[in-house]
Amino acid sequence: MVLALVGFGNVAEAVSIRFLPINGEVSARKFGLQDGKGLTELNDLNPKKRSKAYTCSPGDVPATLVALDRERPGGNPLSVEIVLPAGMESPLVLIFADTEHRSGVRVLVLEDASTRFPWGSLRFVNAAQKPLMIRCDKDTVAIAESPASIDLQPGGEARNIGVQLFSEQEPDAILYSAVWEHDPNLRKLIFILSAGDPASKELNLEIIPQDKRAKD
């Protein structure tokens, strides 16, 4: 079953948000959260797990991710706005490298609450710079060019499931293929990444699992 993500307008009330950088290069940089209360440095960024929860109070000031290691002329740090859709229970801000933005990053905000990202589901995040097709268990779905995400819920008991990625134009050229273990107690956030070799068309997947039986 495919689960859709729905967004609404900007939030005006305080909300707890977490951050997750795409890789070690991004996590090694210095960032802060700017909101109605002021600037809070993010000191626990890790590409393998979500940050702690930060309370964000936008008020009359849009929430922004501030690149503390880069400044625009005049000495002010460069920033990227964080659009927090109204009604989100637990926003997760994904931080991607972006050489076209002066801050060097861009963000994608996803609902991370289990009511919208259920246990037993898979959330694919496309960071491969091209649209793709995902074949997972009984589903075959498209995922748009990055940044984009889609949720899949295989359902049923624990078992092995097949996962393949390919382009719509070349369905026989498999870019990734593996057998994964489906467990209804786990949910997995999966980054789809281009291979380190620019000449290779193959894809790498970085999987960040969570177990509902584990204590935070």
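Residues numbered from 1 in each chain as written. Predicted model: local features only at pLDDT ≥ 70, side-chain atom pairs only at ≥ 80, totals over all residues. Heavy atoms only, no water.

> Explain the nonpolar core to me, please; I cannot follow it from the model alone.
The nonpolar side chains of a soluble globular protein tend to be buried with one another. Phe 19, Phe 31, Leu 65, Ile 82 and Leu 94 are the most contacted members of the largest nonpolar core, which has 34 residues in total. For this core, the secondary-structure elements that each account for two or more residues are β2 (15-21), β3 (31-35), β5 (54-56), β6 (64-71), β8 (91-97), β9 (105-111), β10 (122-127) and β16 (186-194). Not counting chain neighbours up to four residues away, the residues in contact with Ile 82 comprise Phe 19, Leu 33, Ala 63, Thr 64, Leu 65, Val 93 and Val 109. Core analysis: the next-biggest nonpolar cluster, separate from the first, contains 21 residues, Leu 152, Trp 180, Ile 190 and Leu 203 among them. (Core = buried A, V, L, I, M, F, W, Y, C linked by side-chain atoms within 4.5 Å. Buried < 20%, exposed > 50% of the residue type's maximum accessible area, 1.4 Å probe, protein only. Helix = DSSP H or I, 4+ residues; strand = E, 2+ residues; numbered from the N terminus. Contact = heavy atoms within 4.5 Å.)

> I would appreciate a short explanation of the sheet that holds strand β7 (residues 77-81) in the present structure.
Backbone hydrogen bonds are what pair the strands of a sheet, in a parallel or an antiparallel way. Sheet architecture is open: four strands sit in the order β4-β3-β6-β7, paired in antiparallel fashion. Each edge of the open sheet carries a strand with a single partner, namely β4 (38-42) and β7. Taken over all neighbouring pairs, the strand axes of this sheet differ in orientation by 30° on average, direction set aside. Of the pairings in the sheet, the one linking β3 to β4 comprises five bridges and is antiparallel in character. In the strand pairing of β4, Gly 32 is matched with Glu 41. (Pairing = 2+ DSSP bridges. Axes fitted to C-alpha atoms, helices over the stretch in contact; angles between N-to-C directions.)

> Sorry if this is basic, but what is going on with the pattern of salt bridges here?
Opposite charge on two side chains makes pairing possible when the charged atoms of those side chains draw close. On inspection of all chains with the given rule, the structure shows nine salt bridges. Across the pair Asp 137 and Arg 159 runs a salt bridge, and its minimum N-O distance is 2.7 Å. Here the residue Asp 137 occupies a position in the loop between β11 (132-136) and β12 (139-143), and Arg 159 occupies one in strand β14 (residues 159-166), the gap between them amounting to 22 residues. According to the relative accessible area criterion, Asp 137 is partly exposed, its value standing at 30%. The closest approach of N and O atoms between Asp 183 and Arg 213, which form a salt bridge, is 3.8 Å. Within this pair, whereas Asp 183 is found in the loop between β15 (174-182) and β16, its partner Arg 213 is found in the segment after β17 (203-211), the two being separated by 30 residues in sequence. Shared partners join several salt bridges into a network, and the residues in it are Arg 50, Asp 112 and Arg 187. (Salt bridge = Lys/Arg side-chain N within 4 Å of Asp/Glu carboxyl O.)

Any link to function would need more than the numbers given here.
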